[in-house]
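Coordinates in review
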Amino acid sequence: MKIEYVSGSNVVSLMPRKGAALYPALKTVEAYWEGLRNGRPVPARSEIDPRGMQSALEFAFILERIAPGVARFRLAGMHLTDLMGMEVRGMPLTAMFVPESRAKLSEALEAVFETPQITTITLKAERGIGRGAMDAQLLLCPLKSDLGDVNRILGCLQSKGEIGRQPRRFEVADVQSRPLLGNPMEQSFDTTGKGTPIPAGFAEAKRAYDDANADAPRTEATPRQEPTRQDTMRPRAKPVLRLVKTDD
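Predicted, not measured: the structure shown is a model, and the values here were computed from it. (Residues numbered from 1 in each chain as written. Predicted model: local features only at pLDDT ≥ 70, side-chain atom pairs only at ≥ 80, totals over all residues. Heavy atoms only, no water.)

This part covers the pattern of salt bridges. If you walk through the whole model with that rule in mind, you get 13 salt bridges. Close ionic contact of lysine 27 with glutamate 30 constitutes a salt bridge, the shortest N to O distance being 3.4 Å. Linking lysine 27 with glutamate 30, this pair stays in helix α2 (residues 24-37), spanning 3 residues, or about one helical turn. Residue glutamate 30 is classed as buried on the basis of its relative accessible area, which comes to 17%. (Salt bridge = Lys/Arg side-chain N within 4 Å of Asp/Glu carboxyl O. Helix = DSSP H or I, 4+ residues; strand = E, 2+ residues; numbered from the N terminus. Buried < 20%, exposed > 50% of the residue type's maximum accessible area, 1.4 Å probe, protein only.)

Here it is in structure tokens:
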């Protein structure tokens, strides 16, 4: 059973809690990455210190973007080497996936770099002789280079099941993403320092609203009532008390 999260409702997904129990290394890496981010959109690659996620190092890796939708391993833990039966450093991430799922993976990778966003992908390993059932999850967290562009990823891949005698490749079962720069009603980050941050996506949201209400009947606002000359010249009420002077 899978319960989807629906924004703005009372339906809550149970998938994140299940994933945290089955794949604790992903939560360790994500928590470390969030600590580095510390309220910023994306942390820098130079800030990564392996000691901060030591318990998850065998599952962790760093990717470098080399083309749209393509990223290769710069560093990788031993678990990924065990899955592939060889050293994966220098290989593209798509090499760990069946051909039918590579387009989905490339799309997810490009979204992580361009949006940017953090993405968790649920995986299933292909089966065959000497390859039993295996499930896995893949975490992709964006990183900035020294030049400030987002072209690195801190990731984690943890699997459940016997690796077997042959290399394992995966198919994409589900993709869950979380944009890091907010929605149209949240504020973006002011990188110019010249004024108040403008809500991210405000212009697009305003255009969509204007298009949707272009044919709606317009109502004129009630004009402000200005005082007339007659009102301003109206005589004042008579005083309640009078002073009477006599000669006595």
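Now, onward.
Of all hydrophobic cores here, the largest spans 52 residues; its most connected members are Leu93, Met96, Leu138 and Leu140. Residues within four places of leucine 93 in sequence aside, it is in contact with Leu63, Ala71, Phe73, Leu105, Leu109, Leu138 and Leu140. (Core = buried A, V, L, I, M, F, W, Y, C linked by side-chain atoms within 4.5 Å. Contact = heavy atoms within 4.5 Å.)

Before going further, it helps to examine the confidence of the model for the protein. The pLDDT averaged across the protein works out to 78; a share of 65% of its residues lies at or above 70. Confidence drops under pLDDT 50 across residues 183-206; counting only partners more than four residues distant or on other chains, this segment forms 23 contacts. For residues 218-223, every residue scores under 50 in pLDDT, and the model assigns this stretch 0 contacts once sequence neighbours within four places are set aside. (pLDDT = per-residue confidence, 0-100.)

This brings us to the sheet that holds strand β4 (residues 135-144). In a beta sheet, neighbouring strands are held together by backbone hydrogen bonds and run either parallel or antiparallel to one another. Sheet architecture is open: 6 strands sit in the order β2-β1-β5-β4-β3-β6, paired in antiparallel fashion. Since the sheet does not close on itself, it has two edges, and those belong to β2 (70-76) and β6 (170-179), each with one partner. Averaged over neighbouring strand pairs, the angle between their axes works out to 25° when direction is ignored. Taken together, the 5 bridges between strand β1 (residues 60-67) and strand β5 (residues 150-160) define a ladder with antiparallel strand orientation. Bridge pairing in β5 places glutamate 64 opposite arginine 152. Against the sheet, α2 engages β1, β3 (117-125), β4, β5 and β6, with an angle of about 155° to β5. Packing of helix α4 (residues 102-114) onto the sheet brings it into contact with β1, β2, β3, β4, β5 and β6, and relative to β5 it is tilted by some 135°. (Pairing = 2+ DSSP bridges. Axes fitted to C-alpha atoms, helices over the stretch in contact; angles between N-to-C directions.)

Here we take up the packing of aromatic side chains. Enumeration over the complete set of coordinates arrives at 1 aromatic pair. For the pair phenylalanine 61 and phenylalanine 73, a centre-to-centre distance of 5.4 Å together with 80° between the ring planes defines the contact as edge-to-face. Of the two residues, phenylalanine 61 is situated in strand β1 and phenylalanine 73 in strand β2; the sequence distance between them amounts to 12 residues. (Phe/Tyr/Trp six-rings, centres within 6.5 Å; stacked < 30°, edge-to-face > 60°.)

In terms of burial, β5 is a largely internal element, 10 of the 11 residues being buried. Alignment of β4 against β5, held across 10 bridges, turns out to be antiparallel. Each residue of the ladder has a partner; that of alanine 136, found in β5, is serine 159. As consecutive antiparallel partners, β4 and β5 are separated by 5 residues, and within that stretch glycine 148 has a phi angle of approximately 100°, a positive value.

Once that is clear, we can look at α2. When the terminal C-alpha atoms of α2 are compared, their 20 Å separation across 14 residues agrees well with the 20 Å that a helix rising 1.5 Å per residue should span. Those residues of α2 lying buried are Ala25, Leu26, Val29, Glu30, Tyr32, Trp33, Leu36 and Arg37. Seen end-on, α2 carries its buried residues on one side only, within an arc spanning 160°. Looking at the buried positions of α2, the neighbouring elements they touch are β1, β3, β4, β5 and β6. Positive backbone phi, approximately 50°, marks asparagine 38, located one or two places after α2. (Expected span 1.5 Å × (residues − 1). Arc of directions from axis to C-beta.)

Glancing now at the state of the cysteines. The final tally for this structure, using the stated rule, is 0 disulfides. Cysteine 141 takes part in no disulfide bond, and the closest cysteine sulfur, belonging to cysteine 156, lies 8.9 Å away. (Disulfide = S-S within 2.5 Å.)

Another point: α4. An α-helical turn contains 3.6 residues, so any two residues separated by three or four positions project in the same direction. Here α4 contains 13 residues, and its C-alpha end-to-end distance of 18 Å stays within 8% of the 18 Å for a straight helix at 1.5 Å per residue. Every buried residue of α4 is listed here: Leu105, Ser106, Ala108, Leu109, Glu110, Val112 and Phe113. Of the surrounding elements, those touching the buried residues of α4 are β1, β2, β3, β4 and β5.

Secondary-structure assignment places asparagine 151 in strand β5. Setting aside chain neighbours within four positions, we find asparagine 151 in contact with Leu63, Glu64, Arg65, Phe113, Leu143 and Ser145.

Note that glutamate 171 resides in strand β6. Residues glutamate 171 and proline 99, 72 residues apart in the sequence, show an inter-C-alpha distance of 8.5 Å. Residue contacts for glutamate 171: discarding those within four places in its chain leaves Val98, Ser101, Thr122, Leu123 and Lys124.

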